[in-house]
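# Structural characterization, general
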Amino acid sequence: MAADAPADFPGTPPAPGPAPRLNVPAPVAQILPNGLEVVSVRRADLPLVTAQLVLRSGGEMDPPDEAGLADLTANLLSKGAGGKSAPQIAAAAEALGGSLQAAAGWDESAVGITVTTPRLPAALDLLATVVRHPDFAPDELKRAQAQAVDDLRLMLSQPIALASLAAGRAVFGDGAYGHSRTGTPASIARISRADVERLHAVLYRPDNAILVLAGDITPAQAGQLAQASFGDWRKPATPLPAKPGSRADSALPALLLIDQRGAGQAGVVAAHAAPPRRDAGYYTGVVANAVLGGSYSARLNEEIRIKRGLSYGASSRLQPMADAGLWLAAAQTKNPSAPQVVVLMQQQFAALGDDRVPAAELAARKATLIGAYGRSLETTAGLAQQVAELAVYGLPLTDIGQYIASVQAVTPKQIEAYARKNLDAKHTRIVVVGDAAQFAPALRKAYPKAGLLEAGQLDLDSPSLQPAAAGH
């Protein structure tokens, strides 16, 4: 039996203390003659530097039938380059005390490494080799495709993952952000070596790239080292391809049910288009998401898990991108309780625009955001990531030191106005994936226009999620 708490033990959590002061050095940007942007931010307390080569292009540049091409291309960079095999590249990185990390997101693709300061020149040479001279060996491509397909099949067997993919289609249609950024089993299988080489040739160029150096390095050293490793990287005479439109009208209903027969639980996702990263209300959106579902104590988890025990966890995220953004709320629940979770999610989205957030709740959510941001800057890799995001979206690099003040400045009135403008119910898209026999009758009675699709018959590369014949 647990011992009684001391008489002076507090019965409620302490109030949030004052926001910490962050002393973040101002990043410095330089442009090499070939168009490569070099951004450095100095932190001299430890002899470490993180180097990231970041492209201003990512999954939004995937061709229509080749979802996942940008991500696959990035992943292959370290799997053979400049005559070195994948094991040799890994060994070279390990000899420098680091490891190469490469991936593509929306609007960016990146490869990076963290090393001690004396080894930075050699690390930059290795980075330049994999970025500029990848082999894209057929056997490595085949291996990467097989791994990607296995990962995707496992992921898409999970109701939340499948619902999230469908929700992206529901919001963005056949726009650039509507497809699966990591691809589908069918799209990954279609990609050829020529496709990978073509994407690399078109997008991997100095005038579409940013070299971020964070840690024990001065701006002068950053410029010299960048010139030594990347200065002879030639800018093509052809212009960069235009980015495709970010969103288009969706062919999917406002409420979509996907029957994954035999699924033990249902995944419920509510999605909404959001403003782009450069929107003036960005920080208002960040705080609004923190109130809605950004932490354990936020509203979605409070209502769905803590009060009613309908899920092990309910949360939301806000993903702003170059030309648009996405709100995504998600919870996994028992199949029969999916209709109740749908209603609760809708109520919580609506509540942000109907009532002012109480001061105590807002202070707690801001404290959570500020603490997480401070922790993200504790490593050179985290610092580089934050700087890279600002550079990719063309935002003032000094914003890295303004986060706390910007979050603290958000008011309840601003959140209410933001939610009314950007989270209106008529544009919310909801996807429920699970054993539909247990929830479809109730949901279709409440929402007569709800659509119902069979999970095993989906065409994940189609904006309608249906094979061409079925879509007409």
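Residues numbered from 1 in each chain as written. Predicted model: local features only at pLDDT ≥ 70, side-chain atom pairs only at ≥ 80, totals over all residues. Heavy atoms only, no water.

## Let's talk about the sheet that holds strand E11 (residues 311-320)
Across the sheet, which stays open at both edges, the six strands sit in the order E11-E12-E10-E13-E9-E14 with mixed pairing between neighbours. The two strands at the open ends of the sheet, each matched to only one other strand, are E11 and strand E14 (451-454). Strand-to-strand twist across the sheet, computed as the mean angle between neighbouring axes with direction ignored, equals 15°. Summarising the sheet, E11 and strand E12 (residues 325-333) pair through eight bridges and their orientation is antiparallel. When the bridges of E12 are listed, Ser 316 appears paired with Ala 329. Against the sheet, helix H5 (residues 159-172) contacts strand E9 (255-259), strand E10 (266-274), E12 and strand E13 (429-434), and its axis sits at roughly 30° relative to E10. Its contacts with the sheet place helix H11 (residues 338-354) against E10, E12 and E13, and it is angled at close to 145° to E12. (Pairing = 2+ DSSP bridges. Helix = DSSP H or I, 4+ residues; strand = E, 2+ residues; numbered from the N terminus. Axes fitted to C-alpha atoms, helices over the stretch in contact; angles between N-to-C directions. Contact = heavy atoms within 4.5 Å.)

## Some words on the sheet that holds strand E6 (residues 101-104)
The mixed open sheet is built from six strands, whose spatial order is E1-E2-E8-E3-E7-E6. Edge positions in the open sheet fall to strand E1 (28-31) and E6, since each of these has one partner strand only. For this sheet, the mean inter-axis angle between neighbouring strands, taken without regard to orientation, is 15°. For E6 and strand E7 (residues 109-116), the ladder comprises four bridges, and the chain directions are antiparallel.

## Brief notes about helix H1 (residues 69-76)
Of all eight residues in H1, seven are buried, a share of seventy percent or more. Among the residues of H1, those classed as buried are Leu 69, Ala 70, Asp 71, Leu 72, Thr 73, Ala 74 and Leu 76. Looking at the buried side of H1, the elements it contacts are strand E4 (80-81), E6, helix H4 (138-156) and helix H7 (193-203). (Buried < 20%, exposed > 50% of the residue type's maximum accessible area, 1.4 Å probe, protein only.)

## Here we look at the pattern of salt bridges
What the rule picks out here adds up to 17 salt bridges. We note a salt bridge from Glu 60 to Lys 243, for which the minimum N-O separation is 3.1 Å. Here Glu 60, found in the loop between strand E3 (48-55) and H1, pairs with Lys 243, found in the loop between helix H8 (219-230) and E9; they are 183 residues apart in sequence, far enough to count as distant. Judged by relative accessible area, which is 2%, Glu 60 ranks as buried. In this structure, Glu 416 engages Arg 420 in a salt bridge whose closest nitrogen and oxygen atoms are separated by 3.2 Å. (Salt bridge = Lys/Arg side-chain N within 4 Å of Asp/Glu carboxyl O.)

## Comments concerning the UniProt feature "domain: Peptidase M16 N-terminal" (unreviewed entry) in the protein chain
According to UniProt, the positions carrying the feature "domain: Peptidase M16 N-terminal" (unreviewed entry) are residues 38-148. Within residues 38-148, the helical portion is 38% and the strand portion 26%, while the C-alpha atoms at the span's ends are 32 Å from each other. (UniProt positions renumbered as here; feature names shortened; annotations may be inferred.)

## Concerning the packing of aromatic side chains
What characterises a pair of aromatic rings is the spacing of the ring centres plus the angle enclosed by the ring planes. One pass over the full model with this rule turns up eight aromatic pairs. Taking the centre distance of 4.9 Å and the plane angle of 70° together, the rings of Tyr 282 and Tyr 283 count as edge-to-face. Neither residue differs from the other here; Tyr 282 and Tyr 283 are each classed as buried. Relative to Phe 349, the ring of Trp 327 has its centre 6.3 Å away and its plane inclined at 65°; by these criteria the two rings are edge-to-face. (Phe/Tyr/Trp six-rings, centres within 6.5 Å; stacked < 30°, edge-to-face > 60°.)

## Comments concerning the pairing of strand E8 (residues 209-215)
Look at any regular strand and the pattern is simple: side chains alternate between the two faces of the sheet. E8 sits mainly inside the fold: seven of its seven residues count as buried. Alignment of strand E2 (residues 37-42) against E8, held across six bridges, turns out to be parallel. Residue Ser 40 lies in a different strand from E8, and its bridge partner there is Leu 213. In terms of strand pairing, E3 meets E8 through seven bridges, oriented antiparallel. If you follow Ala 51 over to E8, its bridge partner there is Leu 213.

## Here we look at the nonpolar core
Note that soluble globular proteins tend to have their nonpolar side chains buried in a common cluster. In this structure, Trp 327, Met 345 and Val 432 are the most contacted members of the largest nonpolar core, which totals 96 residues. Residue-level mapping places this core at the junction of two domains, with at least three residues from each of domain 1 (28-231) and domain 2 (255-457). Among the nonpolar cores identified, the runner-up in size contains 50 residues, and Ala 51, Leu 96, Val 111 and Leu 120 belong to it. (Core = buried A, V, L, I, M, F, W, Y, C linked by side-chain atoms within 4.5 Å. Domains from an automatic or database assignment.)

## Examining the environment of Asn 208
Note on placement: Asn 208 falls in the loop between H7 and E8. Classification of Asn 208 as buried rests on a relative accessible area of 4%. Considered as a pair, Asn 208 and Ser 57 are 151 residues apart in the sequence and their alpha carbons are 7.7 Å apart. For Asn 208, the contacting residues outside a window of four places in its chain are Val 54, Leu 55, Arg 56, Ser 57, Leu 203 and Leu 240. In this structure the side chain of Asn 208 is engaged in a polar contact, spanning 3.1 Å, whose partner is the backbone oxygen of Leu 203. (Polar contact = N/O pair within 3.5 Å; in protein donor to acceptor, adjacent residues only side chain to side chain.)

## Some words on the domain arrangement of the protein chain
Per the domain assignment, the segments making up the protein chain are domain 1 (28-231) and domain 2 (255-457). Once you take the C-alpha centre of each, domain 1 and domain 2 turn out to be 28 Å apart. Contacts between the two partners involve 32 residues from domain 1 and, on the opposite side, 40 residues from domain 2. The junction of domain 1 with domain 2 conceals about 2,600 Å² of combined surface from both sides, 75% of it contributed by carbon and sulfur atoms. Considering only the side of domain 1, the residues that lose the most area to domain 2 are Arg 43, Pro 159 and Ile 160, jointly responsible for 21% of the buried surface there. On the surface where domain 1 and domain 2 come into contact, there are zero salt bridges. One can count seven residue pairs in polar contact (both at pLDDT 80 or more) joining domain 1 with domain 2. For the side of domain 1 that touches domain 2, the secondary structure elements donating two or more residues are E2, E3, H5 and E8. Ranked by residue count, the leading element in the side of domain 1 that touches domain 2 is H5, at 10 residues. (Buried area = accessible area lost by both parts, 1.4 Å probe.)

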